[in-house]
Structure formats: structure tokens, C-alpha cells
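The primary structure of each chain is shown beneath.
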Amino acid sequence: EVQLVESGGGLVQPGGSLRLSCAASGFTFKLSSMTWVRQAPGKGLEWVSSISVGGLTSYGDFVKGRFSISRDNAKNTLSLQLNSLNPEDTAMYYCVRGHYTEKSDLRRGPNWGQGTQVTVSS
């Protein structure tokens, strides 16, 4: 079965950085597009970033150069570097198998991890 395990979340002050990781198994990682999605308290799911099989990346409008998605096919891992964090970035961050865009209908399912919590607060 598809298994996605996120890590790296935590409490960070405004302006700080975190690096999230996702360990993937149960499928051919190198042949799958991958995505990060987040959900802030009281809000809906929000697409953050995707990376294609060939390494092409895309980001939500709110990112503004602050985040960077990457993948290591040899290690079956997906990463998300978070910089210049602000309180509005506080959310549960999910690793997802597949490709999404800002227009995608987001819905949790078997190709999602359990998430890692990012809290930005002073």
C-alpha cells in the first residue's frame, strides 16, 4: 500500500525556516508526480506546491519565492523548504502522491500522508 510519512514540522518564530520531509513507499516514487498541500486551522485544504516526474515545479501564489519543493528519487523522499515563515503559514502540511494545481479539487484519500504540523508564532 501507498505509505507517506511526513516529518520536520514544529514550532518556529516568524521569519524562521523549516524543512519538511516525506518518506514514500508502496509505489514507484520516481514515476509519480508529488504534491504538498496544507490546511490551516478553521480553513480548507490549500495547494502549496507540486513537482513532476521530470523535476518541473509549481507553487501557490502565496509562496512568493519563500518555499522550495524538491525530490530525491534515490531515497524515495520529497522535501519542502520553508523560509521567511509568517503566522499565516501555520497549518498541517500533507505529502500527496499525484499532481495538483491551484484549480484542483483537493480531497484527502489513500494517497495522502498523515501530515506534519507547522506552527509559526512568537
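Rules used in this analysis
Residues numbered from 1 in each chain as written. Predicted model: local features only at pLDDT ≥ 70, side-chain atom pairs only at ≥ 80, totals over all residues. Heavy atoms only, no water. Salt bridge = Lys/Arg side-chain N within 4 Å of Asp/Glu carboxyl O. Buried < 20%, exposed > 50% of the residue type's maximum accessible area, 1.4 Å probe, protein only. Pairing = 2+ DSSP bridges. Helix = DSSP H or I, 4+ residues; strand = E, 2+ residues; numbered from the N terminus. Axes fitted to C-alpha atoms, helices over the stretch in contact; angles between N-to-C directions. Disulfide = S-S within 2.5 Å.

Undergrad: Is there a simple way to explain the pattern of salt bridges in this structure?
TA: Side-chain pairing between opposite charges can occur once the charged atoms of the two side chains come close. Scanning the model with the defined rule gives 4 salt bridges in all. Glu46 is the partner of Arg38 in a salt bridge, and the nearest nitrogen-oxygen pair spans 2.9 Å. Arg38 sits in the buried class, given a relative accessible area of 6%. Of the residues examined, Glu46 reaches a relative accessible area of 32% and is grouped as partly exposed. A salt bridge links Arg107 to Asp105; the shortest N-O distance between them is 3.0 Å.

Undergrad: Please explain the sheet that holds strand β9 (residues 91-97) as it appears in this structure.
TA: The strand order β2-β10-β9-β4-β5-β6 describes an open sheet built from 6 strands, whose pairing is mixed. Looking along the sheet, the strands with just one partner apiece sit at the ends: β2 (10-12) and β6 (57-59). Strand-to-strand twist across the sheet, computed as the mean angle between neighbouring axes with direction ignored, equals 25°. In terms of strand pairing, strand β4 (residues 34-39) meets strand β5 (residues 45-51) through 6 bridges, oriented antiparallel. Bridging across to β5, Thr35 finds its partner in Ser50.

Undergrad: I'm lost on the state of the cysteines in this one. Help?
TA: Here is the idea: a disulfide is a covalent bond, and it sits between the sulfur atoms of two cysteines. A full pass over the atoms with the stated rule returns 1 disulfide. With its sulfur 2.1 Å from that of its partner, Cys22 forms a disulfide with Cys95. Judged by the sign of its S-S torsion, about -70°, the bond between Cys22 and Cys95 is left-handed. In this pair, Cys22 is assigned in strand β3 (residues 18-25) and Cys95 in strand β9, connecting sequence segments 73 residues apart.

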